[in-house]
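Chain by chain, the residues:
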Amino acid sequence: MASEMAAIAAQLVAPGKGLLAADESNRTIEKRFRSVGVESTEATRRDYRELLFTAPGMEQYISGVILFDETIRQATADGVPFPELLAAKGVLPGIKVDKGLVDLPFFPGERFTQGLDGLEERLEDYRQRGARFAKWRAVIAVSDRLPTLPALRANAEALARYAGLCQVHGLVPIVEPEVLMDGSHDIEACFQATEATQHELFEALARYRVAFEHLILKPNMVLAGADCPRQAGPEEVAEKTLQCLKRTVPAAVPGIAFLSGGQSDTTAAANLKAINQRAAQVGAPWPLTFSFSRALQAGPMAIWRGQAENRAAAQQAFLDRARLAAAAVAGG
Ligand code: 13P
């Protein structure tokens, strides 16, 4: 099982490829659909995901797709289950296994990710449905008084327990501690929050005996808050992001796949490109790729708008963004 997990992790971060996160919960996809005037129903969600997964040649750029519980059970209009469709293209199917965020009592503004109860049974079921990796997202808020140490520790602990369970069931855990870009904090505040988050995370992973060799880290890039008047350019983002990761992420980790976190598609790709260019100059022990949702999907979804006649154009827009992100992995 260990060698299978090592092979899956390597395949996920294969040169020039990255991940498509298509694991939006029904609540999240409803919000995104509403913004482009589409009603969210099981059928519209299925149609939209089929559009992405059947985009011709997407497998040139996409190594794995993260699915949602509903999506892993769905099939193409012709009846091919989505995990089967992806696997036939050489794309690894994965699954989001956390159950979303709740407020952390007594810590205003901080959240905790739930979903450990019953996780073992769900992992086994997902594996049988074709999943080869899993994802769990924790969120960390930044302000002049956040994050607090208890919030960092509670989330790190849950991520470590999730990751251990995944490895026992032969699924590669994608460990996602997202330091949010909401707010007016500067890039230095993001750096400090991200450094503290990763320190707590890898300490907890070690304590729970999780194999660093068999996980993928999905971090935020180190960025100024969205409302900060001084936005950092790609060179500064690259410098700070690599400095932060080098301080905190063991070299044994086989790969890092960044989330986009609300950056536009072009900004996310420009920052990923700068990160890889800098890594080529100063050295980095891990491949650095993408695991984007919004930066790959916002454009195509706005073109699609639920209309069958826009399908081909939306697929092309998705492929264009995937190509851009994949090129950024090579620093090009
Ligand atoms: P974004 O790229 O939109 O941040 O989404 C990535 C993701 O999977 C969040 O859990």
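Preceding block: the structure.
The structure contained in this document is the topic of the report that follows. Note that this is a predicted model, so its numbers are computed, not measured.

**Examining the overall build of the protein**
Moving on, step 1. Helices and strands together make up the secondary structure of the protein, namely 12 helices and 10 strands.
Moving on, step 2. Relative to the 2.2 N^0.38 estimate, which gives 20 Å for 332 residues, the radius of gyration of the protein is 19 Å and therefore close to what a compact globule would have.
Moving on, step 3. Dimensions of the protein, computed from C-alpha atoms along their principal axes, come out at roughly 50 × 45 × 40 Å.
Moving on, step 4. Counting over 332 residues, the protein shows a buried share of 55%.
Moving on, step 5. For the protein, the proportion of contacts with a sequence separation of at least 24, taken over those separated by at least 6, is 79%.
Moving on, step 6. Carbon and sulfur atoms provide 51% of the accessible area of the protein, an area that totals close to 13300 Å².
Moving on, step 7. Taking the average location of the 36 positive side-chain charges in the protein and that of its 39 negative ones, the two points are 1 Å from each other.

**Thoughts on the nonpolar core**
Moving on, step 1. Of all hydrophobic cores here, the largest spans 92 residues; its most connected members are F53, I62, V65, Y162 and F292.
Moving on, step 2. Aside from chain neighbours lying at most four places away, what touches Y162 is V97, L116, L119, A134, K135, W136, P173, I174 and V175.
Moving on, step 3. In terms of nonpolar packing, the next biggest core, distinct from the first, is built from 14 residues, L12, V13, I66 and L92 among them.

**Digging into the site of the ligand**
Moving on, step 1. Around the ligand, the structure places 13 residues, and the nearest of them are K135, K218, S260, G261 and R294.
Moving on, step 2. Between the ligand and the protein, one listed contact pairs an oxygen atom with a side-chain N or O atom of K135 at 2.5 Å.
Moving on, step 3. Take R294: an N or O atom from its side chain is 2.6 Å from an oxygen atom of the ligand.
Moving on, step 4. For the ligand, whose free accessible area comes to 300 Å², the fraction covered by protein is 93%.
Moving on, step 5. Elements with a minimum of two residues in the shell around the ligand: β6 (133-140) and β10 (288-292).
Moving on, step 6. Across the shell around the ligand, the residue classes tally to three nonpolar, four polar and six charged.

**Here we look at the pattern of salt bridges**
Moving on, step 1. Applying the stated criterion across every chain yields a total of 25 salt bridges.
Moving on, step 2. The partner of R207 in a salt bridge is E157, and the shortest N-O contact between them spans 3.3 Å. Within this pair, whereas R207 is found in helix α8 (residues 187-207), its partner E157 is found in helix α7 (residues 149-168), the two being separated by 50 residues in sequence.
Moving on, step 3. For R207, a relative accessible area of 44% translates into the label partly exposed.
Moving on, step 4. Exposure remark for E157: the relative accessible area of 26% places this residue in the partly exposed category.

**Quick word on the environment of I8**
Moving on, step 1. By secondary structure assignment, the location of I8 is in helix α1 (residues 2-12).
Moving on, step 2. In the structure, I8 is positioned 56 residues away from G64 in sequence and 9.6 Å away in space, judged by C-alpha atoms.
Moving on, step 3. Those residues in contact with I8, other than ones at most four positions away along the chain, are L92, R132 and V172.

**Describing the packing of aromatic side chains**
Moving on, step 1. Evaluation of the coordinates by the stated rule reveals seven aromatic pairs.
Moving on, step 2. For the pair F33 and W304, a centre-to-centre distance of 5.4 Å together with 55° between the ring planes defines the contact as tilted. With F33 in helix α2 (residues 26-35) and W304 in helix α11 (residues 294-304), the pair connects residues that are 271 residues apart, well separated along the chain. The pair formed by F33 and W304 is uniform in burial state, with each residue classed as buried.
Moving on, step 3. Taking the centre distance of 5.2 Å and the plane angle of 35° together, the rings of Y48 and W304 count as tilted.

**With respect to unusual backbone geometry**
Moving on, step 1. Note the cis peptide between L146 and P147, where omega equals 5°.
Moving on, step 2. For P147, the location among the structural elements is in the loop between β6 and α7.
Moving on, step 3. Not every positive phi belongs to a glycine, and F106 is a case in point at roughly 75°.
Moving on, step 4. The phi dihedral of R209 is positive, around 65°, even though this residue is not glycine.

**Notes on the pairing of strand β1 (residues 18-22)**
Moving on, step 1. For β1, the buried fraction is high: five of the five residues fall into the buried class.
Moving on, step 2. Sheet analysis places β1 next to strand β2 (residues 62-67), joined by five bridges and oriented parallel. Bridge pairing in β2 places G18 opposite I62.
Moving on, step 3. Note that β1 and β10 share two bridges and pair parallel. Bridging from a neighbouring strand, L19 pairs with S291 of β10.

**Re the environment of E235**
Moving on, step 1. Structurally, E235 can be placed in helix α9 (residues 234-248).
Moving on, step 2. By relative accessible area, E235 is classed as exposed at 57%.
Moving on, step 3. For the pair E235 and R46, spaced 189 residues apart in sequence, the C-alpha separation works out to 39 Å.

**Structural notes on the side chain of E24**
Moving on, step 1. Inspection of the secondary structure assignment puts E24 in the loop between β1 and α2.
Moving on, step 2. Side-chain polar atoms of E24 contact the side chain of R49, separated by 3.0 Å.
Moving on, step 3. A polar contact of 2.8 Å, which involves the side chain of E24, links it to the side chain of Q297.
Moving on, step 4. Excluding its chain neighbours within four sequence positions, the residues that come into contact with E24 are I29, R32, R49, F68, S293 and Q297.

Calculation notes
Residues numbered from 1 in each chain as written. Predicted model: local features only at pLDDT ≥ 70, side-chain atom pairs only at ≥ 80, totals over all residues. Heavy atoms only, no water. Helix = DSSP H or I, 4+ residues; strand = E, 2+ residues; numbered from the N terminus. Rg over C-alpha atoms; globule rule 2.2 N^0.38 Å. Buried < 20%, exposed > 50% of the residue type's maximum accessible area, 1.4 Å probe, protein only. Contact = heavy atoms within 4.5 Å. Areas by Shrake-Rupley, 256 points an atom, 1.4 Å probe, with all protein chains shown as cover. Lys, Arg positive; Asp, Glu negative; His and termini not counted. Charge placed at Lys NZ, Arg CZ, Asp CG, Glu CD. Core = buried A, V, L, I, M, F, W, Y, C linked by side-chain atoms within 4.5 Å. Near = heavy atom within 4 Å. Polar contact = N/O pair within 3.5 Å; in protein donor to acceptor, adjacent residues only side chain to side chain. Nonpolar A, V, L, I, M, F, W, Y, C, P; charged D, E, K, R; others polar. Salt bridge = Lys/Arg side-chain N within 4 Å of Asp/Glu carboxyl O. Phe/Tyr/Trp six-rings, centres within 6.5 Å; stacked < 30°, edge-to-face > 60°. Pairing = 2+ DSSP bridges.

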